Every structure is written in structure tokens, then in C-alpha cells.
Amino acid sequence: MRADGRNWLGRLLGTAERPPPTRLTAQDAVALAATAPHVRQVGRPLEMATVRADGDRLVWRVRNAGIGAQTWVKVDDATGTIGDVHHVWGR
């Protein structure tokens, strides 16, 4: 994601909206997600953060990079509350 907040496909098509302003930065969300109890057991760092609207609130989805098994955790932007750790096995 670039400084303007849009991904490459959105810039190419000219249709992606900029994400709304957030309280946390992507680095803050990654740091908070790393403190989740079950993240250490996964053995892969969570290093990619994207903000999404979840109803009327903003939530950061912090996940590992790469192909295959995915692990992610949601971090509430307003409160910094860390959600459950989710893991999906790769194909």
C-alpha cells in the first residue's frame, strides 16, 4: 500500500477509495497483534496490516505474508483490543 492509501489495482482502475483516517498506524497494529497469546505458537510473524470497516467501526486485520497457510488477528482501531487468532491451513 502506498502513501495515498490505495492498492495498486485501485490506482490502476481509479476506483479504490482511500481508507478512512485511523487512530492506529499499521506498525502499531502489527505490534499489538504480536502480543496476542497464540501468535507465538504459530511460528510465523504477522507483518501485513490492512484496515477494514466492520459495521460502524474500523478494524485492522494483521496477517502473515506469503502463500499457503494464513494466520490473522483483528485489532480494533478505536480501542486497540486484540481479537482471536485465526488460522487456515494452506492447500
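Residues numbered from 1 in each chain as written. Predicted model: local features only at pLDDT ≥ 70, side-chain atom pairs only at ≥ 80, totals over all residues. Heavy atoms only, no water.

**Observations regarding the packing of aromatic side chains**
Considering all chains together, one arrives at zero aromatic pairs under this definition. Lying over the aromatic face of Trp 72, Arg 61 brings its terminal NZ or CZ to 4.1 Å of the ring centre. (Phe/Tyr/Trp six-rings, centres within 6.5 Å; stacked < 30°, edge-to-face > 60°. Lys NZ or Arg CZ within 6 Å of the ring centre and 35° of its normal.)

**Quick look at the pairing of strand β4 (residues 82–88)**
Sheet analysis places strand β3 (residues 70–76) next to β4, joined by five bridges and oriented antiparallel. By the bridge assignment, Val 75 is partnered in β4 with Ile 82. Where β3 folds back on β4, the antiparallel hairpin that results is connected by five residues, among which Gly 80 adopts a positive phi of roughly 80 degrees. (Pairing = 2+ DSSP bridges. Helix = DSSP H or I, 4+ residues; strand = E, 2+ residues; numbered from the N terminus.)

**Some remarks on the pattern of salt bridges**
Overall, the coordinates contain two salt bridges when judged by the stated rule. A salt bridge links Asp 54 to Arg 57, with the shortest nitrogen-to-oxygen separation between them at 3.1 Å. A relative accessible area of 35% means that Asp 54 is categorised as partly exposed. The salt bridge involving Asp 76 is made with Arg 57; its shortest N-O contact spans 2.6 Å. Taken together, the residues span a long stretch of sequence, with Asp 76 in strand β3 and Arg 57 in strand β2 (residues 57–63) at a distance of 19 residues. According to the relative accessible area criterion, Asp 76 is buried, its value standing at 11%. Connected through salt bridges with shared partners, the residues Asp 54, Arg 57 and Asp 76 form a single ionic network. (Salt bridge = Lys/Arg side-chain N within 4 Å of Asp/Glu carboxyl O. Buried < 20%, exposed > 50% of the residue type's maximum accessible area, 1.4 Å probe, protein only.)

**Examining the environment of His 38**
Relative to the helices and strands, His 38 resides in the loop between α2 (26–33) and α3 (39–42). Taking the C-alpha atoms as reference points, His 38 and Asp 84, separated by 46 residues in sequence, lie 8.6 Å from one another.

**Structural notes on the side chain of Gln 70**
Structurally, Gln 70 is set in strand β3. Among the polar contacts listed, one links the side chain of Gln 70 to the side chain of Arg 63, at a separation of 3.3 Å. Filtering out sequence-adjacent residues up to four positions away, Gln 70 remains in contact with Arg 63, Asn 64, His 86, His 87 and Val 88. (Polar contact = N/O pair within 3.5 Å; in protein donor to acceptor, adjacent residues only side chain to side chain. Contact = heavy atoms within 4.5 Å.)

**Structural notes on the confidence of the model for the protein**
Reading predicted coordinates in detail is not appropriate for stretches of low pLDDT. Considering every residue of the protein, the mean pLDDT works out to 80; 80% of them sit at 70 or more. Looking across the protein, the model is least confident in helix α1 (residues 8–13), with a mean pLDDT of 68, and most confident in α2, with 92. (pLDDT = per-residue confidence, 0-100.)

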